[in-house]
Amino acid sequence: MKIVVGITGGIAAYKAVSVVRAFVLAGHSVQVIATDAALRFVGKPTLEAISRNPVYTELYEGVAEVRHVALGQAADLIVVAPATANFLAQLAGGFAPDLLGNTILASRAPVVVAPAMHTEMWQNAATQTNVATLEARGVTIVGPAIGQLTGNDAGPGRMSEPDDIVAAALVVVVASGDLVGRRILVTAGGTREPLDPVRFIGNRSSGKQGVAIALAAAARGASVTLIGANLEVEVPATIAVTHVGTTAELAAAVAAAVPGADAVIMAAAVADYRPETVAAAKIKKELQGDTLKLTLVKNPDILHDVSATKTVGQVVIGFAAETETDPDALLALGRAKIARKGCDFLVVNSVGWTTGFATDGNEVRILNAAGDIVGEASGSKRAVANRILDVLL
Ligand code: C5P
């Protein structure tokens, strides 16, 4: 998500650094716009290093790229922390004397402000009227908290803690997301088929792409159910996960969850075969000799079965990870696969020893049922996830 963090001139500006840091660590792209007054309290180099982007202050810089409009248009969320009494008055009045004011007026993104000022200024009738005006316009006000102020005095006016501002801001985005009210089932990871109590046949899928889809869908407001097969990535507690091991367990979990889903996105790498028998005790080489013969039997094709039984309005998206490197041949494989599977969309990507699995980036093409390319994406797995969700929408 692209987040503009506006910083205005108050002592609490030093805490805005933690707000920026938390958004960056959560994987968002942050653009800081500081007022001149804010830069008297916190240094530009600090903000540039923490946000990993240049910090803009000047209205008359970057005019050729129409920066005063472009930043606001590109933003998914604008957070102003700290917001001074003067800034609240400016925003309530619709004034745009600086880059931050222009950016907010030129944006349709949700706006979250975290006021910070002395108690008398916060309780002043002018400030309270301005806050009421902003709330009526849909601006979210976080805080202020009650507590120790800059001097020895205490009372309402202290800026909310950075973590509280970040959490409140993300709730606002989720509530205004384009997937609100949609229930999305995502499978991620790779299934493992046991040979004996300690060994399995598996694949190198880490679950990163599937988890990125679950997180992106949740961030856009969807109610997400994640079925994770041997995930090697952590999933935040905000996502409900059912953990499975084998293809049979995945099939059962999917069958239970599909009826409640508007969309099923099957990113998990599924073992096509499983050992016919699972040894009750560890297989011993002393008893096997120089070769060990395994008989494998075919697993059910979950994607095929879900596609064959899907209800009207349900959208099913499958994945095709192929080692084919020639782009045209890869597409041909994808077209044959979507015809066989019967899903609505197929996300095609190339995998190999060093690409696709367990990496942080991905490059995909998305086919519809007719085999047409309806989307392409490359970059972070989160960016690819969002492109897939755009196609789904
Ligand atoms: O057939 P293949 O494994 O190449 O297809 C990949 C797609 O099919 C993925 O979406 C995967 O989740 C799904 N699949 C499945 N059941 C299988 C094999 C694959 O659902 N037995």
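Small disclaimer: the values here were computed from a predicted structure and weren't measured.

The rules we used
- Residues numbered from 1 in each chain as written.
- Predicted model: local features only at pLDDT ≥ 70, side-chain atom pairs only at ≥ 80, totals over all residues.
- Heavy atoms only, no water.
- Helix = DSSP H or I, 4+ residues; strand = E, 2+ residues; numbered from the N terminus.
- Buried < 20%, exposed > 50% of the residue type's maximum accessible area, 1.4 Å probe, protein only.
- Areas by Shrake-Rupley, 256 points an atom, 1.4 Å probe, with all protein chains shown as cover.
- Lys, Arg positive; Asp, Glu negative; His and termini not counted.
- Charge placed at Lys NZ, Arg CZ, Asp CG, Glu CD.
- Pairing = 2+ DSSP bridges.
- Contact = heavy atoms within 4.5 Å.
- Axes fitted to C-alpha atoms, helices over the stretch in contact; angles between N-to-C directions.
- 1 Å grid on protein atoms, 1.4 Å probe; cavity = no way out; pocket = protein on both sides within 12 Å on 5 of 7 lines; lining within 4 Å.
- Points joined across faces, edges and corners; volume = space filled by probe spheres on them.
- Expected span 1.5 Å × (residues − 1).
- Arc of directions from axis to C-beta.
- Near = heavy atom within 4 Å.
- Polar contact = N/O pair within 3.5 Å; in protein donor to acceptor, adjacent residues only side chain to side chain.
- Nonpolar A, V, L, I, M, F, W, Y, C, P; charged D, E, K, R; others polar.
- Salt bridge = Lys/Arg side-chain N within 4 Å of Asp/Glu carboxyl O.

### Regarding the overall build of the protein
Across its full length, the protein carries 14 helices and 19 strands. With respect to the principal axes defined by its C-alpha atoms, the protein has extents near 85 × 45 × 40 Å. Across the 393 residues in the protein, those meeting the buried criterion constitute 48%. Accessible surface computed for the protein: about 18800 Å², of which carbon and sulfur atoms make up 54%. In the protein, 32 side chains carry a positive charge and 36 a negative one; their mean positions are 4 Å apart.

### A few points about the sheet that holds strand β3 (residues 77-83)
The strand order across the open sheet built from 5 strands is β2-β1-β3-β4-β5, with neighbouring strands paired in parallel fashion. In the strand order of this sheet, the two ends are held by β2 (29-34) and β5 (140-141), each with one partner. Judged from the 4 bridges that link them, strand β1 (residues 2-7) and β3 form a sheet pairing that is parallel. If you follow Ile-3 over to β3, its bridge partner there is Leu-77. Taken strand by strand, helix α8 (residues 162-175) contacts β3, β4 (111-115) and β5, and its axis lies near 150° from that of β3.

### Some words on the layout of surface pockets
Of the pockets and cavities examined, the largest pocket occupies roughly 940 Å³. If you trace the largest pocket, you find 41 residues lining it, with Ala-268, Ala-269, Val-270, Phe-319 and Ala-321 closest to the centre. Sorting the residues of the lining of the largest pocket by element identifies β8 (183-189), α9 (208-219), α12 (302-309), β16 (315-322) and α13 (327-341) as the ones contributing at least two each. In terms of residue count, the dominant contributor to the lining of the largest pocket is β16 (5 residues).

### Some words on helix α7 (residues 125-136)
Compared with the 16 Å implied by 1.5 Å per residue over 12 residues, the 16 Å span of α7 between its first and last C-alpha is a close match. Of the residues making up α7, those classed as buried are Thr-127, Asn-130, Val-131 and Leu-134. All buried residues of α7 fall inside an arc of 100° around its axis, so they share one side. Turned more than 90 degrees away from the buried face of α7 sit Ala-125 and Ala-136, all of them exposed.

### A look at the site of the ligand
All residues in the neighbourhood of the ligand are listed as Met-266, Ala-268, Val-270, Asp-272, Pro-300, Asp-301, Ile-302, Leu-303, Gly-318, Phe-319, Lys-337 and Lys-341. Within the backbone of Leu-303, a nitrogen or oxygen atom sits 2.7 Å from an oxygen atom of the ligand. Every element with two or more residues in the shell around the ligand is listed here: α12, β16 and α13. The class makeup of the residues in the shell around the ligand is 7 nonpolar, 1 polar and 4 charged.

### Side note on the pattern of salt bridges
One pass over the full model with this rule turns up 11 salt bridges. Salt-bridge contacts for Asp-262 lead to Arg-183; the nearest nitrogen and oxygen are separated by 3.1 Å. Note that Asp-262 is positioned in the loop between α10 (247-257) and β13 (263-266) and Arg-183 in strand β8, a separation of 79 residues in sequence. Taken together, the salt bridges that share partners define one network made up of Asp-178, Arg-220, Arg-387 and Asp-390.

All quantities given are derived from atomic positions and should not be read as evidence of function.
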